[in-house]
Amino acid sequence: DFNLGLAQVLNEDYAGADKTLGCADKDADTYYLLAVSAARQENKSAMLDNLGQAFKANADLKSAAAKDRSFLKYFKDADFQALVK
């Protein structure tokens, strides 16, 4: 469930979070949290894929992602910038 996945991300158990969230209902928040997990694991491809899915479900998340420090490493990345615009 989403809350367990969130707890796992906060405890830096990214593999566990990915497994848990993979079984959760897929909505904007789930995809966004999967993107956070991927970013913290330095998996750019998965991060971009999950952010794209999150933005399809809720475009308002773009402004949040553009400022979210979980994505700090990607703030100047062209692919990330194109996605959050």
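Only a predicted model underlies this, so the values are computations on that prediction, with no experimental measurement involved.

**Comments concerning the confidence of the model for the protein chain**
Logical step 1: Within the protein chain, residue pLDDT values average 96, and 100% of them lie at 70 or more.
Logical step 2: Averaged over each element, pLDDT in the protein chain is lowest for helix H2 (residues 14-23) (95) and highest for helix H4 (residues 44-57) (98).

**Overview of the nonpolar core**
Logical step 1: In terms of nonpolar packing, the biggest core is built from 24 residues, with Tyr-32, Met-47, Leu-51, Phe-55, Ala-65, Phe-71 and Phe-80 touching the most fellow members.
Logical step 2: Mapped by element, the contributors of at least two residues to this core are H2, helix H3 (28-40), H4, helix H5 (61-67) and helix H6 (78-84).
Logical step 3: Considering each element in turn, this core owes the most residues, 9 residues, to H3.

**A closer look at the pattern of salt bridges**
Logical step 1: Enumeration over the complete set of coordinates arrives at 3 salt bridges.
Logical step 2: Lys-73 is the salt-bridge partner of Glu-42, the closest N and O atoms lying 3.2 Å from each other. Placement of the pair is Glu-42 in the loop between H3 and H4 and Lys-73 in the loop between H5 and H6, with a sequence separation of 31 residues. The pair Glu-42 / Lys-73 is uniform in exposure class, with both members exposed.

**Section: the environment of Ala-54**
Logical step 1: Inspection of the secondary structure puts Ala-54 in helix H4.
Logical step 2: Along the backbone, Ala-54 and Tyr-32 are 22 residues apart, and their C-alpha atoms lie at a distance of 5.4 Å.
Logical step 3: Apart from the residues within four sequence positions on either side, Ala-54 is in contact with Ala-28, Tyr-31, Tyr-32 and Leu-61.

Calculation criteria
- Residues numbered from 1 in each chain as written.
- Predicted model: local features only at pLDDT ≥ 70, side-chain atom pairs only at ≥ 80, totals over all residues.
- Heavy atoms only, no water.
- pLDDT = per-residue confidence, 0-100.
- Helix = DSSP H or I, 4+ residues; strand = E, 2+ residues; numbered from the N terminus.
- Core = buried A, V, L, I, M, F, W, Y, C linked by side-chain atoms within 4.5 Å.
- Buried < 20%, exposed > 50% of the residue type's maximum accessible area, 1.4 Å probe, protein only.
- Salt bridge = Lys/Arg side-chain N within 4 Å of Asp/Glu carboxyl O.
- Contact = heavy atoms within 4.5 Å.

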